Amino acid sequence: MSEEKRKLIIDTDTASDDAVAIIMALREPSVEVLALTVVNGNIPLKLATRNCLIAVEQAGTYTPPVYVGHDRPLMREAVTAEACHGQDGLGDVGYPDPKLTTEKEHAVDAIIRILEENPAGTIELVTLGPLTNIAAAFMRAPETMKKLKQIIIMGGQLYQPGNWSVTSEFNIFVDAEACDVVLRGGVPFLISPVELCYGDCGFDPQERAEIAALSPTGKFAIDCNRAVVEFVKTRYGRNNLQLADPSAMGVALWPDIRKEVTECFIAVELGGKYCYGQMIFDYKNHLKLPANGAVCLSIDVPLYKKRLKEILK
Ligand code: RIB
Ligand code: CA
């Protein structure tokens with residue numbers, strides 16, 4: 001008897017690294033993506049939606065419905081990251097408009113409806129952008145959201161300074177209030193922090209050339225991230241492509257790449273003058289507070305890269 005597929009919903013602010021993560025999920029045979037929901041984040045909502053449809057087409061497998069969500073954070077003005085992903089969010093390569101279109105239903109309504117239609121504990125949520133849509137769903141239907149089996153969140157910084165403010169990672173910095181709502185929502189969560197794409201998890205020029213030569217999809221994965229390469233060069237002086245969302249998607253899709261996962265007290269800073277959006281991972285238990293979630297501290301990099309290359313072939 002064939003094993004049942006895991007069922008995923010993916011929430012995404014689709015820029016170039018989200019696009020690769022979406023392709024990974026749509027090509028992974030052990031999961032079925034029930035829906036993609038789009039949120040403002042790396043780029044404005046309209047472009048993120050366009051890019052999400054392009055990513056689904058690039059995957060070349062099946063076409064889950066795409067729902068459009070919130071165009072700004074819960075309580076703040078939108079922050080975007082064209083400097084990192086290009087004006088169009090896909091490296092300004094000039095990809096043609098997608099043929100696929102979106103659904104009419106709002107992303108938040110769709111998330112709640114899909115959970116209502118399915119048995120508790122059967123759907124997992126992977127988030128690749130700010131948590132605005134997900135927080136809105138929690139505020140509207142907290143009991144329905146508890147039907148989620150788990151949430152895997154790309155967000156937060158463990159050790160190093162933030163990648164968007166002194167202390168904070170982009171997805172969380174954009175809408176820390178939303179992150180707070182989600183962390184306190186009573187659904188098990190696993191965080192994939194930004195450090196999981198740094199150092200040897202990144203792709204040097206030789207690895208990038210190898211991936212681009214694998215297939216047209218491999219070429220898309222590298223080309224659409226060309227602005228990220230320039231951003232990392234300028235900001236950090238390294239010729240290394242860092243892909244936060246694919247690392248998180250790897251953590252979500254392939255549990256065997258998770259090397260160290262620890263359960264601990266996890267929270268987000270909402271006040272302060274300099275630290276808005278900083279995440280707290282108390283894995284040394286300084287606070288003596290009960291664990292409320294889990295964080296992946298490291299991954300098996302060679303295995304992750306092997307899988308990524310296989311899936312992009
Ligand atoms: O900090 C990582 C975030 O910005 C993710 O949303 C990813 O897409 C990156 O560009
Ligand atoms: Ca993203």
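To be clear, the structure that these remarks concern was listed above.
Since the model is a prediction, treat every value here as computed from it, not as a measurement.

**Section: the overall build of the protein**
Then step 1. The number of helices and strands found in the protein is 13 helices and nine strands.
Then step 2. For the protein, whose C-alpha radius of gyration is 18 Å, the value lies close to the compact-globule estimate of 20 Å for 313 residues.
Then step 3. In terms of principal-axis extent, the alpha carbons of the protein reach across some 50 × 45 × 45 Å.
Then step 4. Relative to its full complement of 313 residues, the protein shows a buried share of 59%.

**A closer look at the site of ligand 1**
Then step 1. Around ligand 1 sit 13 residues in total, of which Asp 17, Asn 42, His 85, Glu 169 and Asn 171 are the nearest.
Then step 2. Contact between ligand 1 and Asp 17: an oxygen atom at 2.6 Å from a side-chain N or O atom of the residue.
Then step 3. Glu 169 places a side-chain nitrogen or oxygen 2.4 Å from an oxygen atom of ligand 1.
Then step 4. Surface burial for ligand 1 is 94%, taken as the share of its 270 Å² of free accessible area covered by protein chains.
Then step 5. In a pocket analysis with a 2 Å cut-off to the grid points, ligand 1 is assigned to the largest cavity.
Then step 6. By residue class, the composition of the shell around ligand 1 is four nonpolar, four polar and five charged.

**Structural notes on the environment of Ile 9**
Then step 1. Relative to the helices and strands, Ile 9 is located in strand β1 (residues 6-12).
Then step 2. When the C-alpha positions of Ile 9 and Val 261 are compared, they lie 22 Å apart, and in sequence the two are 252 residues distant.
Then step 3. Setting aside anything within four residues of it in sequence, one finds Ile 9 in contact with Ala 35, Thr 37, Ile 114, Ile 123, Glu 124, Leu 125 and Val 126.

**Concerning the packing of aromatic side chains**
Then step 1. Under the definition given, this model contains five aromatic pairs.
Then step 2. On the numbers, 6.3 Å between centres and 20° between planes, the contact of Trp 164 with Phe 231 is stacked. Of this pair, Trp 164 sits in the loop between β5 (148-154) and α7 (170-174) while Phe 231 sits in helix α11 (residues 226-236), and the two are 67 residues apart along the sequence.
Then step 3. Owing to a relative accessible area of 14%, Phe 231 belongs among the buried residues under this scheme.
Then step 4. Cluster of aromatic residues (ring-pair linked, three or more members): Trp 164, Phe 170 and Phe 231.

**Some words on the nonpolar core**
Then step 1. Core analysis: the largest hydrophobic core is formed by 63 residues, its most contacted members being Ile 10, Met 24, Leu 36, Met 249, Leu 253, Ile 299 and Tyr 304.
Then step 2. Not counting residues up to four positions away in its chain, the partners in contact with Leu 36 are Ile 10, Thr 12, Ile 22, Cys 52, Val 56, Pro 64, Pro 65, Val 66 and Tyr 67.
Then step 3. Formed by 42 residues, the second largest nonpolar core is a distinct cluster that contains Ala 107, Leu 115, Ile 123 and Ile 191.

**Brief notes about empty space enclosed by the protein**
Then step 1. The final tally for this structure, using the stated rule, is two cavities of 30 Å³ or more.
Then step 2. The space that makes up the largest cavity amounts to roughly 290 Å³.
Then step 3. Forming the boundary of the largest cavity are 22 residues, of which Asp 17, Cys 84, His 85, Asn 163 and Ala 244 lie nearest the centre.
Then step 4. Within the residue set of the lining of the largest cavity, elements represented by two or more residues are α3 (82-85), α7, α11 and α12 (244-253).

**Considering the side chain of Asn 51**
Then step 1. By secondary structure assignment, the location of Asn 51 is in helix α2 (residues 45-59).
Then step 2. Asn 51 sits in the buried class, given a relative accessible area of 0%.
Then step 3. Within the structure, Asn 51 has its side chain in polar contact with the backbone oxygen of Thr 14 (distance 3.1 Å).
Then step 4. Once residues lying within four places of it in the same chain are set aside, the contact partners of Asn 51 are Thr 14, Ala 15, Ile 43, Asp 88, Gly 89 and Leu 90.

About the criteria used
- Residues numbered from 1 in each chain as written.
- Chains lettered and ligands numbered in written order.
- Predicted model: local features only at pLDDT ≥ 70, side-chain atom pairs only at ≥ 80, totals over all residues.
- Heavy atoms only, no water.
- Helix = DSSP H or I, 4+ residues; strand = E, 2+ residues; numbered from the N terminus.
- Rg over C-alpha atoms; globule rule 2.2 N^0.38 Å.
- Buried < 20%, exposed > 50% of the residue type's maximum accessible area, 1.4 Å probe, protein only.
- Near = heavy atom within 4 Å.
- Polar contact = N/O pair within 3.5 Å; in protein donor to acceptor, adjacent residues only side chain to side chain.
- Areas by Shrake-Rupley, 256 points an atom, 1.4 Å probe, with all protein chains shown as cover.
- 1 Å grid on protein atoms, 1.4 Å probe; cavity = no way out; pocket = protein on both sides within 12 Å on 5 of 7 lines; lining within 4 Å.
- Sits in = over half its atoms within 2 Å of the grid points.
- Nonpolar A, V, L, I, M, F, W, Y, C, P; charged D, E, K, R; others polar.
- Contact = heavy atoms within 4.5 Å.
- Phe/Tyr/Trp six-rings, centres within 6.5 Å; stacked < 30°, edge-to-face > 60°.
- Core = buried A, V, L, I, M, F, W, Y, C linked by side-chain atoms within 4.5 Å.
- Points joined across faces, edges and corners; volume = space filled by probe spheres on them.

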